[in-house]
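# Analysis of the macromolecular model
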Amino acid sequence: MKQMNKKTLKKVHVWVRAVIQLLYFLFISSAYTAAFNGVKYIFTQMGAKSHLELTSFVVTLIALCLFTVVFGRFFCGFACAFGSLGDAVRALYVFICKKLKKKPVTMKASVVKYLQAVKYVVLVLLVVSCYTGVYSKTQGMSPWDVFSMLHAGNFKLGGYIVGLLILVLFKFIGL
């Protein structure tokens, strides 16, 4: 049997990953949404000093955390619908650039590293707002809520403009 060269092997890996991401995105994307809702639930309950119950959201969060501990960042790189959307947007952008014979715009690694921290800042702000009970007043600012709505086919985003803008920013800069 003839061995593949590195370039061919890389192409095969890219396509296998894309197929896995597409399948997860189409059929199991709710795992991401449920886990994020588990995070919101836990911190809202902790802030209200209420008992935590083992809801389906919490079970999904625990299962994905355990899965990540055992398999590393497989979920983030292959199964996370939020990350898959970003990968698809980037692939579409590169494809369009190739067709137009333009070089894709890339950012310096130092800028990307700084911008990648932004999503964690937004996540911490959301967690703190859940813990302090302010989250319900900040409804519409979460890019993860907007993503969940869009994926569910809910395009009524009138009160979610800030969250939509943050989501577009995240996907534009590849977060």
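Not measured: the values here are computed from a predicted model.

### Comments concerning the environment of Phe36
Tracing the sequence through the fold places Phe36 in helix 2 (residues 30–47). For the pair Phe36 and Pro143, spaced 107 residues apart in sequence, the C-alpha separation works out to 11 Å. Among residues more than four places away in sequence, those in contact with Phe36 are Leu123, Leu126, Ser142, Trp144 and Asp145.

### Observations concerning the nonpolar core
Within the largest apolar cluster, 28 residues are counted, with the highest numbers of intra-cluster contacts made by Tyr32, Phe75, Phe82, Leu126, Trp144 and Phe147. Put simply, the parts of the chain that give this core at least two residues each are helix 2, helix 3 (56–71), helix 4 (74–79), helix 5 (81–99), helix 6 (109–132), helix 7 (143–151) and helix 8 (161–172). Element by element, the count of residues in this core is highest for helix 2, at 7 residues. Beyond its immediate sequence surroundings of up to four residues, Leu126 is in contact with Phe36, Tyr135, Ser142, Pro143 and Trp144.

### What about the packing of helix 5 against helix 7?
Between helix 5 and helix 7, the shortest axis-to-axis distance is 11 Å and the interhelical angle comes to 80 degrees. Here helix 5 lies roughly perpendicular to helix 7, going by the angle between them. Contact residues: helix 5 offers Ala81, Phe82 and Leu85, while helix 7 offers Pro143, Trp144 and Phe147. Residue composition of the contact of helix 5 with helix 7, grouped by class: 6 nonpolar, no polar and no charged.

### Quick word on unusual backbone geometry
Backbone geometry places Lys49, a non-glycine residue, at a positive phi of 55 degrees. Looking at where Lys49 falls in the secondary structure, it is placed in the loop between helix 2 and helix 3. Relative accessible area serves as the criterion here: at 72%, Lys49 is assigned to the exposed category. Of note, Lys101 is a non-glycine position whose phi angle comes to about 55 degrees, a positive value. Along the chain, Lys101 turns up in the loop between helix 5 and helix 6.

Thresholds, definitions, all that
- Residues numbered from 1 in each chain as written.
- Predicted model: local features only at pLDDT ≥ 70, side-chain atom pairs only at ≥ 80, totals over all residues.
- Heavy atoms only, no water.
- Helix = DSSP H or I, 4+ residues; strand = E, 2+ residues; numbered from the N terminus.
- Contact = heavy atoms within 4.5 Å.
- Core = buried A, V, L, I, M, F, W, Y, C linked by side-chain atoms within 4.5 Å.
- Buried < 20%, exposed > 50% of the residue type's maximum accessible area, 1.4 Å probe, protein only.
- Axes fitted to C-alpha atoms, helices over the stretch in contact; angles between N-to-C directions.
- Parallel < 35°, antiparallel > 145°, perpendicular 65-115°, else oblique.
- Nonpolar A, V, L, I, M, F, W, Y, C, P; charged D, E, K, R; others polar.

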